[in-house]
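Descriptive structure summary
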Amino acid sequence: MDLSQPTQENVEYMIEGIKNKLKMASAAAMQASAFSVKNYEDILDIYEVAMGSDRLSISQVEALVSELGRLRAR
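The model shown is predicted, which means the values in this text are computed figures rather than measured ones.

Procedures and definitions
Residues numbered from 1 in each chain as written. Predicted model: local features only at pLDDT ≥ 70, side-chain atom pairs only at ≥ 80, totals over all residues. Heavy atoms only, no water. Salt bridge = Lys/Arg side-chain N within 4 Å of Asp/Glu carboxyl O. Helix = DSSP H or I, 4+ residues; strand = E, 2+ residues; numbered from the N terminus. Buried < 20%, exposed > 50% of the residue type's maximum accessible area, 1.4 Å probe, protein only. Phe/Tyr/Trp six-rings, centres within 6.5 Å; stacked < 30°, edge-to-face > 60°. Axes fitted to C-alpha atoms, helices over the stretch in contact; angles between N-to-C directions. Parallel < 35°, antiparallel > 145°, perpendicular 65-115°, else oblique. Left-handed = near helix turned anticlockwise from the far one by under 90°. Contact = heavy atoms within 4.5 Å. Nonpolar A, V, L, I, M, F, W, Y, C, P; charged D, E, K, R; others polar.

Quick word on the pattern of salt bridges
Here the structure, examined in full by the defined rule, presents two salt bridges. With a shortest N-O distance of 3.2 Å, Glu-16 and Lys-19 are connected by a salt bridge. Of this pair, Glu-16 and Lys-19 both sit in helix H1 (residues 8-22), three residues apart, which is roughly one turn of that helix. Judged by relative accessible area, Glu-16 falls into the partly exposed class, the value being 35%. The exposure class of Lys-19 is buried, given its relative accessible area of 9%. Across the pair Glu-67 and Arg-70 runs a salt bridge whose closest N-O atoms are separated by 2.8 Å. With Glu-67 and Arg-70 both in helix H3 (residues 58-71) and three residues apart, the pair spans about one turn of that helix.

Right, here's the structure in full:
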């Protein structure tokens, strides 16, 4: 997937990838459609951190989830 373009499809792809990587227990509560393209760069940063690590510590997972929560549309 070409993530160089800020599209809603790319946002949703990255959110799904992050949820899978973090094995989030509450992943169902975090709908990819709740994230806006206007936060594309921040979501891309989170995606790159999540996907760039073989193993994430609990504190890293908590920090990433916290950032996702901050970026989610209300």
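What to know about the packing of aromatic side chains
If you walk through the whole model with that rule in mind, you get one aromatic pair. With centroids separated by 6.3 Å and ring planes inclined at 50°, the aromatic side chains of Tyr-13 and Tyr-47 adopt a geometry described as tilted. With Tyr-13 in helix H1 and Tyr-47 in helix H2 (residues 40-51), this pair connects stretches of sequence that are 34 residues apart. Given the relative accessible area of 38%, Tyr-13 is considered partly exposed.

As for the packing of H2 against H3
Put simply, H2 and H3 touch, their axes get as near as 11 Å, and they point 160° apart. Classified by the interaxial angle, the pair formed by H2 and H3 is roughly antiparallel. Seen from above, H2 lies across H3 with left-handed handedness. Packed against H2, whose contacting residues are Asp-42, Ile-43, Ile-46, Val-49 and Ala-50, the element H3 presents Leu-64, Glu-67, Leu-68, Arg-70 and Leu-71 at the interface. Partitioning the contact of H2 with H3 into residue classes produces seven nonpolar, no polar and three charged.

Keep in mind these numbers describe shape, not what the thing actually does.
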